[in-house]
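The lines below spell out each chain.
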Amino acid sequence: MKDFTQMVLRLKGRLPSKQVDVLDTVFQEMTGQTEKKNPGVGEQMLSMFRKTREKEIFLQLFRLTTGFSFQDYLLQCLETIGQEMSSEKVKSFQYMGFTFIPYKTLPSNMHLRTLGSHLFSENELKMGTQQPDVDKRSWNYGDFCEASKNTDAVIFICKETGKLYFPTEHELFGWKEDPNEEEVL
């Protein structure tokens, strides 16, 4: 769930300023409200979820007060943001049954050591050619690049996991925005 909130915030941040109230709009539509009563409620809910230590209690209260799950809300936000981004020429694409959304490029002067500090071997999607796991999916860097054509991005968000990924010739690595953060496996 944490990954989905981070993904919603990352993608929302890439929308033009006129569309930043997308979290409120989705909440209004899902609750059947016809007029904006609480501007900023979407941001507030995401912030509360991220800050609370009692995530299960938050999720239960959210469902009780709204009639739908917080995950359903986040997924609807992602869908709406994806539609908005598509109209802004940021296209998602499918690869091996997963939906990837271009996230960002890297600075041209990034040192290899710095790059490496952001990467970790990712085990959820299991896409790689040199891992010992027998259940690794058949990874093909060229096919991934072909599927992601029309983008300069080298870091992608997976809609299904909410995590960031960095493709290489032999593996689809996980990407940490902050090299000091713990790996999310």
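Criteria and thresholds
- Residues numbered from 1 in each chain as written.
- Predicted model: local features only at pLDDT ≥ 70, side-chain atom pairs only at ≥ 80, totals over all residues.
- Heavy atoms only, no water.
- Salt bridge = Lys/Arg side-chain N within 4 Å of Asp/Glu carboxyl O.
- Helix = DSSP H or I, 4+ residues; strand = E, 2+ residues; numbered from the N terminus.
- Buried < 20%, exposed > 50% of the residue type's maximum accessible area, 1.4 Å probe, protein only.
- Patch = residues over 30% accessible without salt bridge, like charges linked within 9 Å, V, L, I, M, F, W, Y side chains within 5 Å.
- Areas by Shrake-Rupley, 256 points an atom, 1.4 Å probe, with all protein chains shown as cover.
- Phe/Tyr/Trp six-rings, centres within 6.5 Å; stacked < 30°, edge-to-face > 60°.
- Lys NZ or Arg CZ within 6 Å of the ring centre and 35° of its normal.
- Expected span 1.5 Å × (residues − 1).
- Arc of directions from axis to C-beta.

What follows is about the pattern of salt bridges. For the coordinates displayed, the defined rule picks out two salt bridges. Among the ionic pairs, Lys163 bridges to Glu124, the shortest N-O distance being 2.7 Å. Taken together, the residues Lys163 in the loop between β4 (155-158) and β5 (164-167) and Glu124 in the loop between β3 (119-120) and α7 (141-147) connect sequence positions 39 residues apart. Residue classification places Glu124 among the partly exposed positions, given a relative accessible area of 42%. Note that Lys149 is salt-bridged to Glu146, the shortest N-O span being 3.6 Å. Residue classification places Lys149 among the exposed positions, given a relative accessible area of 51%.

Right, let's get into a nonpolar patch on the surface. A cluster of nonpolar residues, Ile57, Leu61 and Leu64, forms a patch on the protein surface that exposes about 330 Å² of accessible area. Inspection of the secondary structure puts Ile57 in helix α4 (residues 55-66).

The subject of this paragraph is the packing of aromatic side chains. In the structure shown here, the tally under the stated rule is 21 aromatic pairs. Ring geometry for Phe100 against Phe144: centres 5.3 Å apart, planes inclined by 80 degrees, an arrangement best described as edge-to-face. Of this pair, Phe100 sits in strand β2 (residues 98-104) while Phe144 sits in helix α7, placing them 44 residues apart in sequence. A relative accessible area of 0% places Phe100 in the buried class. Residue class for Phe144 comes out buried when judged on its relative accessible area of 0%. Through a chain of ring-to-ring contacts, three or more aromatic side chains come together here, namely Phe27, Phe49, Phe58, Phe62, Phe68, Phe70 and Tyr73. Here the guanidinium or amino end of Lys55 rests over the ring plane of Phe49, the centre of that ring lying 4.8 Å away.

This part covers α4. An α-helix turns once per 3.6 residues; consequently, residues spaced three or four apart project the same way. End to end, α4 covers 16 Å across 12 residues, agreeing with the expected 16 Å (1.5 Å per residue, within 8%). Every buried residue of α4 is listed here: Phe58, Leu59, Phe62 and Thr66. Each buried residue of α4 sits inside an arc of 100 degrees when the element is viewed along its axis, so together they form one side. When the buried face of α4 is taken as reference, the exposed residues oriented beyond 90 degrees from it are Glu56, Gln60 and Leu64.

Functional significance is not addressed by these values, which are geometric in nature.
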